[in-house]
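# Observations on the model geometry
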Amino acid sequence: MVLPTGFCLGTFGVSYANLHDAARLIDELRFDSVWLWDHYVSWNDPREAVIEGLTALGGIAEVTRHVRIGPLVANNLNRHPGRLAKIAATLQEMAQGRFELGIGGGGWKPEQEAFGIEQGSQEERTERAAEALQVLRLLWSGEPVTFHGRYYRLTGAIVAPAPDPRPPIIVGARGPRLCRIAGRFADGLNVQWRDRARLDEQMAALDEGLAEAGRTRAGFDLSVHADWRDLHPDPVAALERWKALGFTRAIIYVAAPFPGDGLRRIAQELHLV
């Protein structure tokens, strides 16, 4: 494969059965990964059906055998990081080690306000995300954790059993501050192809964060989040372009109805089947 390629399945206007069938097909075609959104409300129409992503990932863990799975991305505002750490540990066990935690700072205001979730400023959301990343890693040690931050306080908190292996943390980011935080505390960074005009700025911030943590990009997962139309109709050329830019993985967003025939064709062109 030119570049490991996964798919993020939109959770608006679908049933769980739709997600289940698409995930099974992606798994059978030997693509890299399956990801789901973490939204409560559709921005198309608030009455449109929306599947809760982290719950659905439990079912997808059961019906797949090869693909990595995870949320792209879990909204940090939707759950306390202690609760998210426990959810992720359970999903890791269900997926038999194939779970990855994509996480972002959050910030879709209409959704948050509708559910009474305090959003705060962008700066506050970024600072919360930085604390959450630290809390997650500490809790996954399986040992009691005491953490007194500005936003989160834990006293002797524990996640048992600890996930084995520890899920990679992939930060979804657009601005440089969160890219830098990803370099300091995470295992990967996911950036959107539509923001490619900011790519130099994002990569500079990532490298700063990695340097602060005594790391380099070696072994660091750098993924591009693109749309189906960015991959189609010449997937090989698209993946080669992204690889030349330094990306280590591509994650392609697809909306329902999911393009089964298109997925099969791309798998053939990439010589996966």
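Below: a short report on this structure. (Residues numbered from 1 in each chain as written. Predicted model: local features only at pLDDT ≥ 70, side-chain atom pairs only at ≥ 80, totals over all residues. Heavy atoms only, no water.)

## Topic: the side chain of Asn-190
Our working rule: The helix and strand labels rest on DSSP assignments: H or I over at least four residues marks a helix, E over at least two residues marks a strand, and numbering proceeds from the N terminus. The contact definition used throughout considers only heavy atoms, calling two residues in contact when any of these lie within 4.5 Å.
Along the chain, the position of Asn-190 falls in strand β9 (residues 188–192). Residue contacts for Asn-190: discarding those within four places in its chain leaves Leu-72, Ile-170, Val-171, Gly-172, Ala-173, Ser-223, Val-224, His-225 and Ile-251.

## Some remarks on the packing of aromatic side chains
Note the cut-off: Each pair of aromatic rings taken from Phe, Tyr and Trp, with Trp reduced to its six-membered ring, is defined by centres within 6.5 Å and is described as stacked if the planes are under 30 degrees apart, edge-to-face if over 60, and tilted in the remaining cases. Only protein chains enter the calculation, and the probe is 1.4 Å; a residue is then buried if its accessible area is under 20% of its type maximum, exposed if over 50%, and partly exposed in between.
For the structure shown, the criterion picks out 9 aromatic pairs. When the centroid spacing of 5.2 Å and the interplanar angle of 45° are considered together, the rings of Trp-37 and Trp-43 count as tilted. We classify Trp-43 as partly exposed; its relative accessible area is 45%. Here the aromatic cluster, defined as three or more aromatic residues joined through ring pairs, consists of Phe-12, Trp-37, Trp-43, Trp-108 and Tyr-253.

## Description of helix α3 (residues 81–94)
Inclusion rule: Between the first and last residue of a helix there are one fewer steps than residues, each counted as 1.5 Å, and that sum is the expected span.
Taking 1.5 Å per residue as the helical rise, α3 with its 14 residues ought to reach 20 Å, and the 20 Å between its terminal C-alpha atoms agrees with that figure. Residues Pro-81, Gly-82, Leu-84, Ala-85, Ala-88, Ala-89, Leu-91 and Gln-92 constitute the buried set of α3. Looking at the packing, one finds that the buried side of α3 touches α2 (53–63), β4 (74–75), β5 (101–104) and α5 (122–139). Trailing α3 by a residue or two, Gln-96 shows a phi angle of about 55°, which is positive.

## Digging into the sheet that holds β9
So the rule is basically this: Paired strands, as defined in this entry, are two strands with at least two bridges between them according to DSSP. Angular values range over 0 to 180 degrees, each being the angle between N-to-C directions of two axes fitted as lines to C-alpha atoms, with helices fitted over their stretch in contact.
One open sheet accounts for 9 strands, arranged β3-β2-β1-β11-β10-β9-β8-β5-β4; its pairing is parallel. Strands at the two margins of the open sheet, each flanked by one partner only, are β3 (68–71) and β4. Pairing of strand β1 (residues 5–9) with strand β11 (residues 249–254), which is carried by 5 bridges, proceeds in the parallel orientation. Residue pairing for β11: Phe-7 is matched across the bridge by Ile-252. With respect to the sheet, helix α1 (residues 16–28) is in contact with β1 and β2 (33–36), its orientation differing from that of β1 by roughly 180°.

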